[in-house]
Amino acid sequence: MFSVGVRSCVGPVVRRPANFRLASTLVFLEANKDGKVAQSSLSALSAAEQLGNPIKALLAGSNSTEAAKQLKLTVGASLVDQIIVANNEVYDNYLPEAVTPLCLELLKEKEFSHFVVASSAVGKNLLPRVGALLDYQPICDVTKIVDPTTFVRPIYAGNALATVQCTQEKKLVSVRASSFPACSAGSFDAPTLEAPQVEIAELGVAWESENLVKSARPDLGSAAKVVSGGRGLKNKETFDKLITPLADSLSAAIGATRAAVDSGFCENSLQIGQTGKVIAPDLYIGVGVSGAIQHLAGMKDSKVIVAINNDQEAPIFQVADFGLVGDLNEIVPELTKKLTK
Ligand SMILES: Cc1cc2nc3c(=O)[nH]c(=O)nc-3n(C[C@H](O)[C@H](O)[C@H](O)COP(=O)(O)OP(=O)(O)OC[C@H]3O[C@@H](n4cnc5c(N)ncnc54)[C@H](O)[C@@H]3O)c2cc1C
């Protein structure tokens, strides 16, 4: 199932490699245009901390000097030993064709035993490319770090967990942000170094534009509370009429099933599940959601799950902590009214 150097195992923890003392971890961090480091990258840092190696953080793009400053004001303990900045606009938007040569140049250094990225759209774009060019098998979507060579990751849409032991010289790891808390708040100081200049050949791709949805709501990927709507809402009007006020009353993010997205109830960036976002909020409320395995794969790690469905046999009730069996058109307005009070 896994290629050379990586195997699944259940059993005793492996020994750390002999050169462990020399090991160090390179963490690739994403930041927005204002230099704010992404929440998922702060989770990647806290995952990297568990590896126990000295950490070097890599920031790339024309915002990277500002991002380095902000990182030092964001992260608590002196988690990061060194910040490497690649201040070049070619890295803006993190096109993997541009960023990969930079990562490869840094990973040539023997000291880097681990390369950690968040399992975000950027990380998912970058890691396989780095893995292919280094001829190393990446270990993707890690939810638990057992030790520096042993990782747990979900397989079969989250229906099973594989414990993967990696004997490769360098471990290339992407981590699920929902499984690692963002590193603690505070400030630290660490030297900032310029990344080596890397020759980037003709990219063959160009960044055209982006169309970001601006919303005052918490981000779905990191929100503490999520209200999620399904096909049971029947149409976009009901979705907006019932889900939005309920989410407002809880200051929650809004999510949806693929069926709701495909039916045009909301935009597809709100999809939760195997082919959508993976979330683990403190509270998840599913309204008119059946609980198909592909949806559960994206929300079953939520701390408290509430399901509202008129079919008491719906699979969502098997994972729900609280179930309300009945018509969502009656339950949701009543619940919203009570919560708003
Ligand atoms: C490869 C693949 C990947 C997929 N990826 C995803 C994914 O990432 N995310 C995802 O969500 N799905 C995904 N799906 C689709 C998934 O299989 C389900 O089809 C989908 O999750 C169902 O969405 P739903 O629960 O909204 O709809 P349904 O399954 O149709 O459920 C609607 C529910 O609403 C209830 N209901 C109806 N009327 C009312 C009412 N008046 N009051 C209360 N309850 C009511 C019904 O009892 C029912 O349980 C994927 C499928 C495949 C094959």
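Throughout, a residue's number is its position along its own chain's written sequence, starting from 1. In keeping with the model being predicted, local features are shown solely for residues with a pLDDT of at least 70 and side-chain atom pairs are shown and tallied solely at 80 or more, while totals for entire chains, interfaces and linings include all residues. Hydrogens and waters are ignored; side-chain quantities use all the structure's heavy atoms.

Q: Give me the lowdown on the side chain of Glu30, citing residues and values where you can.
A: Runs of H or I in DSSP of at least four residues are treated as helices and runs of E of at least two as strands, each being numbered from the N terminus. Of note, Glu30 is situated in the loop between strand 2 (24-29) and helix 1 (39-51). Only protein chains enter the calculation, and the probe is 1.4 Å; a residue is then buried if its accessible area is under 20% of its type maximum, exposed if over 50%, and partly exposed in between. We count Lys and Arg on the positive side and Asp and Glu on the negative side, and we leave His and both chain ends out. A pair is scored as a salt bridge if a Lys or Arg side-chain nitrogen falls within 4 Å of a carboxyl oxygen belonging to Asp or Glu. Of the side chains with opposite charge, Lys124 comes closest to the buried, unpaired Glu30, at an N-O distance of 10 Å. When near neighbours in sequence (up to four residues on either side) are disregarded, Glu30 contacts Lys36, Val37, Ala38, Ser41, Tyr94, Ala118, Ser120, Val122 and Gly123. The contact criterion used is simple: two residues touch if any of their non-hydrogen atoms lie within 4.5 Å.

Q: Lay out the site of the ligand in plain terms, naming residues and giving numbers.
A: It suffices for a single heavy atom of a residue to lie within 4 Å of a molecule or strand for the residue to be listed as near it. Taken together, 26 residues surround the ligand, and among them Arg231, Thr257, Thr275, Ser290 and Asn309 come closest. Between N or O atoms, a polar contact is any pair within 3.5 Å; within protein, one atom must be a potential hydrogen donor and the other a potential acceptor, and residues adjacent in sequence are included only when both atoms are from side chains. In the environment of the ligand, an oxygen atom lies 3.2 Å from a nitrogen or oxygen atom belonging to the backbone of Gly288. Take His295: an N or O atom from its side chain is 2.9 Å from an oxygen atom of the ligand. Cavity and pocket criteria rest on a 1 Å grid covering protein atoms alone: a 1.4 Å probe that fits but cannot get out defines a cavity, protein on both sides within 12 Å along at least 5 of 7 lines defines an open pocket, and an atom within 4 Å of a point defines a lining residue. For a molecule to be placed in a cavity or pocket, more than half of its atoms must lie within 2 Å of the grid points of that cavity or pocket. Here the ligand is seated within the second largest pocket. Within the residue set of the shell around the ligand, elements represented by two or more residues are helix 6 (258-262), helix 7 (293-299) and helix 9 (328-340). Residues belonging to the shell around the ligand are distributed by class as follows: 5 nonpolar, 16 polar and 5 charged. Only Asp, Glu, Lys and Arg are considered charged, only Ala, Val, Leu, Ile, Met, Phe, Trp, Tyr, Cys and Pro nonpolar, and every remaining residue, Gly among them, polar.

Q: Please provide a residue-by-residue account of the domain arrangement of the protein chain, values included.
A: What marks off one domain from the next here is an automatic or database domain assignment. We note that the domain assignment places domain 1 (6-194) and domain 2 (225-340) within the protein chain. A separation of 32 Å is found between the C-alpha centroids of domain 1 and domain 2. Listed per partner, the contact involves 5 residues of domain 1 and 7 residues of domain 2. Buried surface at the junction of domain 1 and domain 2, both sides included, amounts to about 520 Å², of which 53% is carbon and sulfur. On the domain 1 side of the contact with domain 2, Ala157, Arg176 and Ser178 bury the most area, a combined 69% of that side's loss. The interface formed by domain 1 and domain 2 holds 0 salt bridges in total. Between the two partners, domain 1 and domain 2, sit 1 residue pair in polar contact (both at pLDDT 80 or more). When two parts are put together, the accessible area they lose, computed with a 1.4 Å probe and summed over both, is reported as buried area.

Q: Can you lay out the packing of aromatic side chains for me, pointing to particular residues and giving the numbers?
A: Aromatic ring pairs are defined here through the distance separating the ring centres and the angle between the ring planes. Working definition: rings of Phe, Tyr and Trp (its six-membered ring) pair if their centres are within 6.5 Å, and the pair is stacked with planes under 30 degrees apart, edge-to-face with planes over 60 apart, and tilted otherwise. If you walk through the whole model with that rule in mind, you get 2 aromatic pairs. Centroid distance Phe28 to Tyr94: 5.6 Å. Interplanar angle 80 degrees. Geometry classified as edge-to-face. Placement of Phe28 in strand 2 and of Tyr94 in the loop between strand 4 (82-86) and helix 3 (96-107) is noted, with a sequence separation of 66 residues between them. An identical accessibility class is assigned to Phe28 and Tyr94; each is buried. Centroid distance Phe239 to Phe265: 6.3 Å. Interplanar angle 55 degrees. Geometry classified as tilted. Of this pair, Phe239 sits in helix 5 (residues 236-250) while Phe265 is found in the loop between helix 6 and strand 14 (283-287), placing the two residues 26 residues apart along the sequence. Since its relative accessible area comes to 2%, Phe239 is described here as buried.

Q: Tell me about the packing of helix 5 against helix 9, and please be specific about residues and values.
A: Close contact between helix 5 and helix 9 brings their axes to 9 Å; oriented N to C, the two are set at 25 degrees. Our classification of the angle between helix 5 and helix 9 gives roughly parallel. Helix 5 and helix 9 meet at a crossing whose hand is left-handed. Two secondary-structure elements touch here, helix 5 through Thr238, Leu242, Pro245, Leu246, Ser249 and Leu250 and helix 9 through Leu328, Asn329, Val332, Pro333, Leu335, Thr336, Leu339 and Thr340. To get an axis, a line is fitted to the C-alpha atoms, and for a helix only the part in contact is used. The angle between two axes follows their N-to-C directions and goes from 0 to 180 degrees. The labels follow the angle: roughly parallel below 35 degrees, roughly antiparallel above 145, roughly perpendicular from 65 to 115, and oblique for the rest. Each helix crossing is assigned a hand: it is left-handed if the near helix lies turned anticlockwise from the far helix by less than a right angle, otherwise right-handed if that turn is clockwise.

Q: Outline the sheet that holds strand 11 (residues 192-194), supporting the account with residue identities and numerical values.
A: Pairing in this open sheet of 7 strands is parallel, and the strands run 6-10-5-2-3-4-11 from one edge to the other. The open sheet has two edge strands, strand 6 (139-142) and strand 11, and neither has a second partner. Across the sheet, the mean angle separating the axes of adjacent strands is 25 degrees when strand polarity is ignored. Here strand 4 runs beside strand 11; their pairing, made up of 3 bridges, is parallel. Bridging across to strand 11, Ile83 finds its partner in Thr192. Two strands pair under a simple rule: DSSP has to find at least two bridges between them.

Q: How would you explain the nonpolar core if you had to name every residue and give the values?
A: Among buried residues, the Ala, Val, Leu, Ile, Met, Phe, Trp, Tyr and Cys ones that are joined through side-chain atoms within 4.5 Å form a nonpolar core. Core analysis: the largest hydrophobic core is formed by 64 residues, its most contacted members being Phe28, Leu45, Leu59, Leu71, Leu102 and Phe115. The biggest single contributor to this core is helix 3, with 7 residues. If sequence neighbours within four positions are ignored, Leu45 has contacts with Val27, Leu29, Ile55, Leu71, Val75, Leu79, Val80 and Cys183. With 24 residues, the next largest nonpolar core counts Ile243, Ile254, Ala260 and Leu283 among its residues.

Q: Hey, could you go over the sheet that holds strand 15 (residues 304-309) for me, with residue numbers and the actual values?
A: Taken together, the 5 strands give an open sheet; going across it, the order is 13-12-14-15-16, and neighbouring strands pair in parallel fashion. A strand with exactly one partner marks an edge of an open sheet, and here the two such strands are strand 13 (253-256) and strand 16 (322-325). When strand polarity is set aside, the average angle formed by the axes of neighbouring strands in this sheet is 15 degrees. The sheet contact formed by strand 14 and strand 15 spans 5 bridges and is parallel. Across the sheet, residue Val287 finds its bridge partner in strand 15, namely Ile308. Relative to strand 12 (residues 225-229), helix 5 is tilted by about 170 degrees, and along the sheet it contacts strand 12, strand 13 and strand 14. Where helix 9 meets the sheet, its contacts fall on strand 14, strand 15 and strand 16, and the angle it forms with strand 15 comes to roughly 135 degrees.

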